[in-house]
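# Coordinates in review
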Amino acid sequence: MATYTPSPELTEALKSFTEKQEAADQAREALRNAVAADLKTYDVTADAIATYLPWSGETVRGIAREFGVPRKRKPTVRSIKPKKRVGGETSD
């Protein structure tokens, strides 16, 4: 069986691909940081920022959670599971 050695064209194409992929990863992280900074700095919602991005509002909300951005409003959804009283205290 013959031993395979990649051609110079393949080697160069792979090198170029790897460099561009690393640059894209760095650009994506910079964009995520900028999104989190805008959410912290301006009174703007995730959906408003998402209109300018290639991401959905839910993706922007995920970035906000990841970067510890405070919520704009308190959650309105609560558990429907009734709390049990145990020894004068409530527990879930």
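A brief look at the structure comes next. (Residues numbered from 1 in each chain as written. Predicted model: local features only at pLDDT ≥ 70, side-chain atom pairs only at ≥ 80, totals over all residues. Heavy atoms only, no water.)

## Comments concerning the nonpolar core
Rules: Think of a nonpolar core as a cluster: buried Ala, Val, Leu, Ile, Met, Phe, Trp, Tyr and Cys residues, connected wherever their side-chain atoms sit within 4.5 Å. Exposure categories follow from relative accessible area, calculated using a 1.4 Å probe and restricted to protein chains: below 20% of the type maximum is buried, above 50% is exposed, and the middle band is partly exposed. Only DSSP runs of H or I covering at least 4 residues are called helices, and only runs of E covering at least 2 are called strands; the numbering of each starts at the N terminus. Note on definitions: a residue-residue contact is assigned when non-hydrogen atoms from the two residues lie within 4.5 Å.
Grouped together as the largest cluster of nonpolar side chains are 12 residues: Val35, Ala36, Leu39, Val44, Ala46, Ile49, Ala50, Leu53, Val60, Ile63, Ala64 and Val69. Among the elements of the structure, α1 (8–41), α2 (46–50) and α3 (57–66) are those that each provide at least two residues to this core. In this structure, Leu53 is in contact with Leu31, Val35 and Val60, ignoring residues within four places of it in sequence.

## Some words on the packing of α1 against α3
How we decide: Axis lines are fitted through C-alpha atoms, for helices just across the contact stretch, and the angle between N-to-C directions can take any value from 0 to 180 degrees. We call two directions roughly parallel when the angle between them is under 35 degrees, roughly antiparallel when it is over 145, roughly perpendicular when it lies between 65 and 115, and oblique otherwise. Each residue is assigned to one class: nonpolar for Ala, Val, Leu, Ile, Met, Phe, Trp, Tyr, Cys and Pro, charged for Asp, Glu, Lys and Arg, and polar for all the others, Gly among them.
Remark: α1 packs on α3, axes separated minimally by 9 Å, with the N-to-C direction vectors making an angle of 80 degrees. With respect to each other, α1 and α3 are oriented roughly perpendicular. Along the contact surface, α1 presents Arg32, Val35, Ala36 and Leu39, while α3 presents Val60, Ile63, Ala64 and Glu66. When its residues are assigned to classes, the contact of α1 with α3 shows 6 nonpolar, no polar and 2 charged.

## Things to note about the pattern of salt bridges
Heads up, the rule is: In the sections that follow, a salt bridge refers to a side-chain nitrogen of Lys or Arg positioned within 4 Å of a carboxyl oxygen of Asp or Glu.
Enumeration according to the criterion identifies 6 salt bridges in this entry. In this structure, Arg61 and Asp47 form a salt bridge, with 3.1 Å as the shortest nitrogen-oxygen distance. Placement of the pair is Arg61 in helix α3 and Asp47 in helix α2, with a sequence separation of 14 residues. For Glu58, the salt bridge goes to Arg61, with nearest N and O atoms at 3.1 Å. Taken together, the residues Glu58 and Arg61, both in helix α3 and 3 residues apart, mark about one turn of the helix. Because the salt bridges share partners, they merge into one network encompassing Asp47, Glu58, Arg61 and Arg65.

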